[in-house]
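Given next are the chains, with one letter for each unit.
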Amino acid sequence: MTTTYARPAESPPTRLPREGLAESERIRHVLVAPQDRPERATAFSASLTYGWRALQKIKHLPEQLFDVTIFPIMMTVMFTFIFGGAIGGSVSNYVQFLIPGIFVQTLIMITMYTGLTLNKDFSKGVFDRFRSLPVWRPAQLVGALLGDQVRYLLAGTIMLGIGFLLGFRPDGGLIGVAAAFLLLLIFSFSLSWVWTTVSLAVRTEQAAMGVSMFVLMPLTFASNIFVDPQTMPSWLQGAVEVNPVSIVVTAVRELMNGVYSASSIGLVGLCCLVLIASFGPLSMSIYNRKS
Amino acid sequence: MIQRHIHHLTRNPDQIFTAIMLPTVMLLLFRYMFGGAISVSDTSYVNFLAPGILVVSITLISTSTTLAVQSDMQEGVVDRFRAMPMFDAAVLTGHIVAAVIRGGVAFVVMIGLGLLVGFRPAGGVLEWIGAIAMLLLFAFALSWVSALFGLIAKSTEGASGLALILMFSPYASSAFVPVETVPSGLRAFVEYQPVTPVVDTVRALLLGEPVGSSAWQAIIWWVAVLAIAAPLATRLYRRRFA
């Protein structure tokens, strides 16, 4: 017994597509009438959609946030209570110095997770499905980076909360803290392009993590996060002062203390521009080659 | 059994490499990055730090026994050993002695690194023998505690968690900073926890300073720990594989 399906009365009759159209266009023309077709997603809306997808991952795997905040929390508690008195003279003095630094360290460490997530998506073949969608090509990368801004916001808020609990009282008040947070979010966004490039260039998630840690650990520890560079040997002092992490920490400390230094903020801005200009196109070229 | 673990060591030298890596990083970090900001009385900070780092490295090596014992339990290799005509607790003693040997290797490496970064011990031969004996007791007792934790743990994750408790103990001691600089609430814990007298004794002996009561405190602590952990671990092992 055969069943015949009638076309719904309201849908217009399908016109045969003009000759000369690409095969995919001809098929689309037959399947969906031109007036029924949805608008093609703009670059911005496509990026936001992929950003939303990145946020869903945090919702379903909240432990990824726990993983990256537990280490800085342990470092904060250990450096404050065990080493703080010896390094800063007193715990209360040292907290004022340490918290802005740890705040920077937390967000910088989280940036590598963007790369790890992208690497996982690639190895699982999710990007093969995305490739077939009629959207702006870089949207998947930009979206992932935008979604991660929320992750940075959450982790940063947790760290600041712990700082306030430990007695951190910034002179810059709410405006200073908000300005520092904004500056750090911009820097984190710029830095995450580095790990995007790394994750696209290496094969496995472990390799991506290894490279990220190999770069991040020396950068964060050979900086002014924990101690004033003036107390270091002169040969190390020079290296610490040109370290981009130190530049960001200095700017964040100043903003949190209500000092709005154009040179410090400008230097961070320059670092951001260099990172995006170098690693943005590099990420895209590797991404286009891979997909 | 000891030979089995020495074979493991020669086949996987990364076991020692990874255990030495963290103390090396800590030594360099505290020597050059934080050392200038920390002031200690009577000696330079590197002389204060190096004995503490020795204790940290031996702690890391001893606590690796937790995972080693746990993996033996999981992999079923113990079931094969049970069928052999040998002393049943030899599996545990093999792990313990291997940990002490690894600790000896770490000791030599860390002393060498310490000397490279400016550590200048002033103790005589007797003091060195005393310091080595103290570290041996510490490594031996801590390895038994680690083995006990390895037997208690039901999974690798559980074993890692228990090992982490032991690994953290030298950080909350006098290994890196003088006890006087720690806030009063925490100071009582840092002062009276079992790792602090070991660090203080080894430091005093290597620097040729008077030891005071810390040596007796360390001996009492770790002999007591050994007297509890060794029979308990052996009993637990026998009960599990009787």
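Here the structure is a predicted model, which means the values were calculated and not measured.

Asks: I would appreciate a short explanation of the overall build of chain A in the present structure.
Replies: Helix and strand content of chain A: 12 helices and 0 strands. Counting over 291 residues, chain A shows a buried share of 47%. Long-range pairs, those at least 24 residues apart, make up 77% of the contacts in chain A between residues at least 6 apart in sequence. As displayed, chain A offers around 14900 Å² of accessible surface, 67% of which is attributable to carbon and sulfur atoms.

Asks: Please clarify how the overall build of chain B should be interpreted in this entry.
Replies: Helices and strands together make up the secondary structure of chain B, namely 10 helices and 0 strands. Listing every helix and strand of chain B by position from the N terminus yields α-α-α-α-α-α-α-α-α-α. Put simply, chain B has 242 residues, and 52% of those count as buried. Within chain B, counting contacts between residues at least 6 apart in sequence, those at least 24 apart form 81% of the total. For chain B, the computed accessible surface area is about 10900 Å², with 68% contributed by carbon and sulfur atoms.

Asks: Honestly, the interface of chain A and chain B in this entry has me stumped. Any pointers?
Replies: You'll often see interface size given as the accessible area lost when the parts meet. Facing the 20 residues of chain A at the interface are 18 residues of chain B. For the pair chain A and chain B, the two sides together bury roughly 1600 Å², of which 81% comes from carbon and sulfur. Ranking the residues of chain A by area buried against chain B places I82, F83 and A86 of chain A at the top, with a combined share of 33%. Our count for the contact surface shared by chain A and chain B stands at 0 salt bridges. Listed by contribution, the elements that provide at least two residues to the side of chain A that touches chain B are α3 (63–88) and α10 (234–242) of chain A.

Asks: How should the confidence of the model for chain B be read in this particular structure?
Replies: Caution applies to low-pLDDT regions: their predicted coordinates should not be interpreted in detail. In the predicted model, chain B carries a mean pLDDT of 82, and the fraction of residues at 70 or more is 83%. Confidence scores differ between elements of chain B, with helix α1 (residues 2–11) of chain B showing the lowest mean pLDDT of 57 and helix α9 (residues 195–206) of chain B the highest of 93.

Asks: What exactly am I supposed to notice about the side chain of T66 of chain B here?
Replies: Residue and element names in this part refer to chain B. Tracing the backbone through its elements, the reader meets T66 in helix α3 (residues 45–75). In this structure T66 comes out as buried when scored by relative accessible area, which is 0%. With residues up to four places along the chain from it excluded, the contact list for T66 reads S146, F149, G150, A159 and A163.

Asks: Which parts of the structure should I look at to understand a nonpolar patch on the surface?
Replies: A contiguous nonpolar patch, built from W216, I219, I220 and V223 of chain B and spanning about 430 Å² of accessible area, is present on the exposed surface. With respect to the secondary-structure elements, I219 of chain B resides in helix α10 (residues 214–240).

Asks: Explain the UniProt feature "transmembrane region" (unreviewed entry) in chain B to me, please; I cannot follow it from the model alone.
Replies: Residues and elements named next belong to chain B. The feature "transmembrane region" (unreviewed entry), as annotated in UniProt, sits at residues 16–34, 46–69, 90–116, 128–152, 159–179 and 219–237 in this numbering. Secondary structure content for residues 46–69 is 100% helix and 0% strand, while the C-alpha to C-alpha distance between its ends is 35 Å. The distance separating the terminal C-alpha atoms of residues 128–152 is 36 Å; by composition the span is 100% helix and 0% strand.

Asks: Explanation requested: the UniProt feature "transmembrane region" (unreviewed entry) in chain A in the structure shown.
Replies: All names here are of chain A. Under the UniProt annotation, "transmembrane region" (unreviewed entry) lies at residues 65–88, 94–116, 150–168, 174–195, 207–227 and 265–287. Each end of residues 94–116 is marked by a C-alpha atom, and these two atoms are 34 Å apart; helix forms 96% of the span and strand 0%. In residues 150–168, the share of helix is 84% and the share of strand is 0%. The end C-alpha atoms are 23 Å apart.

Asks: Help me understand the pattern of salt bridges in this model?
Replies: Residues and elements named next belong to chain B. Under the counting rule described, the total for this entry stands at 1 salt bridge over all chains. Note that D200 and R203 form a salt bridge whose closest N and O atoms lie 3.6 Å from each other. Placement of the pair is D200 and R203 together in helix α9, with a separation of 3 residues, close to one helical turn.

Asks: Got a minute to help me understand the state of the cysteines in this structure?
Replies: In protein chemistry, a disulfide is the covalent bond that joins the sulfur atoms of two cysteines. Residues and elements named next belong to chain A. If you walk through the whole model with that rule in mind, you get 0 disulfides over all chains. Note on C271: no disulfide assigned, nearest cysteine sulfur contributed by C272 at a separation of 6.8 Å. C272 gets classed as buried once you look at its relative accessible area, which sits at 5%.

Asks: What am I meant to see in the packing of helix α5 (residues 112–124) of chain A against helix α9 (residues 205–221) of chain A here?
Replies: To describe two helices that pack against each other, one gives the angle between their axes and the distance between the axes. Residues and elements named next belong to chain A. Look at α5 against α9: their axes get within 9 Å of each other, and the N-to-C directions meet at 165°. By the angle between their directions, the pair α5 and α9 is classed as roughly antiparallel. Handedness of the crossing formed by α5 with α9: right-handed. Contacts between α5 and α9 involve M112, Y113, L116, N119 and K120 from the former and E205, A208, M209, S212, M213 and L216 from the latter. For the contact of α5 with α9, the residue count by class is 7 nonpolar, 2 polar and 2 charged.

Asks: Any chance you could explain the confidence of the model for chain A here in plain terms?
Replies: Looking at chain A, the pLDDT average stands at 81 and 81% of residues meet or exceed 70. At the level of individual helices and strands, chain A shows its lowest average pLDDT in helix α1 (residues 23–31) of chain A, which scores 63, and its highest in helix α11 (residues 244–256) of chain A, which scores 94.

Asks: How should α10 of chain A be read in this particular structure?
Replies: Helical geometry: 3.6 residues make up each α-helical turn, so side chains three or four residues apart lie on a common side. Residues and elements named next belong to chain A. Within α10, burial applies to L236, Q237 and V240. The arc enclosing the buried residues of α10, seen along the axis, measures out at 105°, which places them on a common side. Across from the buried face of α10, at angles greater than 90 degrees, the exposed residues are S234, W235 and V242.

Asks: I keep staring at the packing of helix α4 (residues 91–110) of chain A against helix α7 (residues 139–165) of chain A and nothing clicks. Help me out?
Replies: Residues and elements named next belong to chain A. Between α4 and α7, the shortest axis-to-axis distance is 9 Å and the interhelical angle comes to 160°. Considering their axes alone, α4 and α7 lie roughly antiparallel with respect to each other. Here α4 and α7 pass one another in a crossing that is right-handed. Residues V95, I99, I102, F103, T106, L107 and I110 of α4 form the contact with α7, whose participating residues are R151, Y152, A155, G156, M159, L160 and G163. For the contact of α4 with α7, the class distribution of residues is 10 nonpolar, 3 polar and 1 charged.

Conventions we followed
- Residues numbered from 1 in each chain as written.
- Chains lettered and ligands numbered in written order.
- Predicted model: local features only at pLDDT ≥ 70, side-chain atom pairs only at ≥ 80, totals over all residues.
- Heavy atoms only, no water.
- Helix = DSSP H or I, 4+ residues; strand = E, 2+ residues; numbered from the N terminus.
- Buried < 20%, exposed > 50% of the residue type's maximum accessible area, 1.4 Å probe, protein only.
- Contact = heavy atoms within 4.5 Å.
- Areas by Shrake-Rupley, 256 points an atom, 1.4 Å probe, with all protein chains shown as cover.
- Buried area = accessible area lost by both parts, 1.4 Å probe.
- Salt bridge = Lys/Arg side-chain N within 4 Å of Asp/Glu carboxyl O.
- pLDDT = per-residue confidence, 0-100.
- Patch = residues over 30% accessible without salt bridge, like charges linked within 9 Å, V, L, I, M, F, W, Y side chains within 5 Å.
- UniProt positions renumbered as here; feature names shortened; annotations may be inferred.
- Disulfide = S-S within 2.5 Å.
- Axes fitted to C-alpha atoms, helices over the stretch in contact; angles between N-to-C directions.
- Parallel < 35°, antiparallel > 145°, perpendicular 65-115°, else oblique.
- Left-handed = near helix turned anticlockwise from the far one by under 90°.
- Nonpolar A, V, L, I, M, F, W, Y, C, P; charged D, E, K, R; others polar.
- Arc of directions from axis to C-beta.

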